[in-house]
Amino acid sequence: MSELGHIDSRLLADRPRHIAIIMDGNGRWARARGLPRPAGHREGVKAVRRVVEACRQNGIEALTLFAFSSENWRRPRTEVKLLMDLFISTLKREVRDLHANGVRVRFIGDRTAFSPRLQQLMDETEALTGGNEGLTLAIAANYGGRWDLARAARRLAEQVAAGALDPAGIDPDRLGREVSLADLPEPDLFIRTGGEQRISNFLLWQLAYTELYFTDILWPDFDQDRLAEALAWFAGRQRRFGCTGEQVEQLKGA
Ligand code: IPE
Ligand code: IPE
Ligand code: MG
């Protein structure tokens with residue numbers, strides 16, 4: 001067996017199994033057209049639809065989309081309200097199609113901050129689509145990477161307090177089982193639109209070895225051709241996971 005062990009498949013794959021996207025640039029897209037910010041958010045929903053479809057067609061297993069960060073509450077109240085309303089209306093409108101297409105929808109983040117109506121809609125969507133075996137679509141809403149890690153730590157602490165876990169048994173593998181998306185392959189490809197090169201408290205743990213792709217394209221302009229560009233870029237990366245390039249070449253040639 002190769003000394004590279006269980007990471008072999010991630011080294012060798014030229015297509016990502018899991019893509020995580022920070023959908024940024026809606027506001028600037030609108031401003032560039034002399035439109036109010038909500039117009040950008042509405043146009044952004046269309047891009048979501050296009051990208052979900054493109055991922056299905058490319059045989060991607062999982063797509064995680066950053067829809068609302070734990071810091072986005074700092075925006076003007078009217079914008080937060082607009083985003084919540086858009087979230088609800090979009091879910092209601094799209095869930096049937098997603099379900100018909102075999103998409104398994106789930107949400108990550110602290111949903112207790114949302115209205116009871118939205119929480120119920122999220123629960124119903126997960127229940128309806130939970131048995132589907134096509135694309136897994138994870139929507140990060142009121143999500144923060146630090147929240148995710150703090151929650152994982154709290155869960156472990158609870159188990160220790162209950163006498164069910166020895167602190168000495170807490171290692172990266174054990175902690176990694178408590179964070180969001182632990183049951184999915186780790187993201188292989190991260191995409192951020194809108195030109196900023198930062199993580200903005202997205203998946204801090206899960207992105208440890210993800211390939212990072214930044215594009216100036218504003219999210220409402222993102223489509224299947226832009227995704228194809230990102231996939232082509234990904235296919236050209238050499239992932240090493242700490243190994244040398246020579247080791248990777250040898251493995252690929254084997
Ligand atoms: C991303 O677009 C959408 C959300 C954060 C909800 P922005 O609204 O951040 O757009 P810009 O960055 O202002 O252009
Ligand atoms: C990140 O975008 C959050 C989402 C896309 C939902 P932001 O626009 O909020 O990020 P910052 O504030 O510019 O870092
Ligand atoms: Mg932004």
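These figures come from a predicted structure and were not determined experimentally.

The rules we used
- Residues numbered from 1 in each chain as written.
- Chains lettered and ligands numbered in written order.
- Predicted model: local features only at pLDDT ≥ 70, side-chain atom pairs only at ≥ 80, totals over all residues.
- Heavy atoms only, no water.
- Phe/Tyr/Trp six-rings, centres within 6.5 Å; stacked < 30°, edge-to-face > 60°.
- Helix = DSSP H or I, 4+ residues; strand = E, 2+ residues; numbered from the N terminus.
- Buried < 20%, exposed > 50% of the residue type's maximum accessible area, 1.4 Å probe, protein only.
- Pairing = 2+ DSSP bridges.
- Expected span 1.5 Å × (residues − 1).
- Contact = heavy atoms within 4.5 Å.
- Bend = angle between axes of the 7 residues up to and from the residue.
- Near = heavy atom within 4 Å.
- Polar contact = N/O pair within 3.5 Å; in protein donor to acceptor, adjacent residues only side chain to side chain.
- Areas by Shrake-Rupley, 256 points an atom, 1.4 Å probe, with all protein chains shown as cover.
- 1 Å grid on protein atoms, 1.4 Å probe; cavity = no way out; pocket = protein on both sides within 12 Å on 5 of 7 lines; lining within 4 Å.
- Sits in = over half its atoms within 2 Å of the grid points.
- Points joined across faces, edges and corners; volume = space filled by probe spheres on them.
- Nonpolar A, V, L, I, M, F, W, Y, C, P; charged D, E, K, R; others polar.
- Salt bridge = Lys/Arg side-chain N within 4 Å of Asp/Glu carboxyl O.

A. Spotlight on the packing of aromatic side chains. Counted according to the given criterion, the structure contains 13 aromatic pairs. Taking 4.4 Å as the distance between ring centres and 15° as the angle between the ring planes, the aromatic pair formed by Phe66 and Phe202 counts as stacked. Pair noted here: Phe66 is in strand β2 (residues 62-69) and Phe202 is in the loop between β5 (189-192) and β6 (211-214), with a separation of 136 residues, a long-range link. The burial state of Phe66 is the same as that of Phe202; both residues are buried. Between Phe87 and Phe107, the ring centres sit 6.2 Å apart and the planes meet at 70°, which makes this aromatic pair edge-to-face. Taken together, the positions of Phe87 in helix α4 (residues 77-100) and Phe107 in strand β3 (residues 104-108) put the pair 20 residues apart, joining distant regions of the chain. By relative accessible area, Phe107 is classed as buried at 6%.

B. Up close: the pairing of β6. Burial of the side chains of β6 is restricted to one face: Glu211 and Tyr213 are buried, whereas none of Leu212 and Phe214 on the reverse face is. Pairing geometry for β5 and β6, over four bridges, is parallel. When the sheet's bridge partners are listed, Arg192 is paired in β6 with Phe214.

C. Spotlight on helix α3 (residues 37-57). With 21 residues, α3 should reach 30 Å at 1.5 Å per residue; the first-to-last C-alpha distance of 31 Å fits that figure. Buried residues of α3: Ala39, Gly40, His41, Gly44, Val45, Ala47, Val51, Val52, Ala54 and Cys55, and no others. Contacts from the buried residues of α3 go to β1 (18-22), α2 (26-32), β2, α4, β4 (136-143) and α8 (224-235). Trailing α3 by a residue or two, Gly59 shows a phi angle of about 70°, which is positive.

D. Main features of α4. Taking 1.5 Å of rise per residue, 24 residues should cover 34 Å, and α4 covers 35 Å from first to last C-alpha, within 8% of that figure. Maximal helix bending in α4 amounts to about 45°, located at Glu94. Following α4 by one or two positions, Gly102 has its phi on the positive side, about 75°.

E. Here's a closer look at the site of ligand 2. In the region of ligand 2, the neighbouring residues are Ile22, Met23, Asp24, Phe66, Ala67, Phe68, Ser69, Asn72, Arg75, Arg192, Arg198 and Ser200. The separation between an oxygen atom of ligand 2 and a polar side-chain atom of Asn72 is 2.9 Å. Contacts to ligand 2 include Arg192, whose side-chain N or O atom sits 3.3 Å from an oxygen atom. If ligand 2 stood free it would expose 390 Å²; the protein chains cover 78% of that surface. When each cavity is represented as a set of grid points, ligand 2 is found to reside in the largest pocket.

F. Spatial organisation of the side chain of Arg106. On the secondary structure map, Arg106 appears in strand β3. Of the polar contacts made by the side chain of Arg106, one reaches the side chain of Asp183; its length is 2.7 Å. The contacts of Arg106, once residues within four sequence positions are left out, are Glu126, Thr136, Leu137, Ala138, Ile139, Leu181, Asp183 and Leu184.

G. Representation of the layout of surface pockets. Each pocket or cavity is described by its volume, and for the largest pocket that value is around 1,200 Å³. Lining the largest pocket are 44 residues; nearest its centre among them are Met23, Asn26, Phe66, Ala67 and Phe68. Going through the elements one at a time, α2, α3, β2, α4 and β4 are the ones with two or more residues in the lining of the largest pocket. Here the lining of the largest pocket is composed, by residue class, of 20 nonpolar, ten polar and 14 charged.

H. Representation of empty space enclosed by the protein within the structure. According to the stated counting rule, one finds one cavity of 30 Å³ or more in the structure shown. If you add up the space inside the largest cavity, you get close to 60 Å³. Looking at the largest cavity, the residues that line it are Leu11, Ala13, Asp14, Phe234, Ala235, Arg237, Gln238, Arg239 and Lys252.

I. Examining the pattern of salt bridges more closely. Inspection of every chain in the model, using the stated rule, returns 25 salt bridges. The partner of Arg106 in a salt bridge is Asp183, with the nearest N and O atoms 2.7 Å apart. Within this pair, whereas Arg106 is found in strand β3, its partner Asp183 is found in the loop between α7 (172-176) and β5, the two being separated by 77 residues in sequence. Measuring nitrogen to oxygen at the nearest pair gives 3.7 Å for the salt bridge that ties Arg155 to Glu178.

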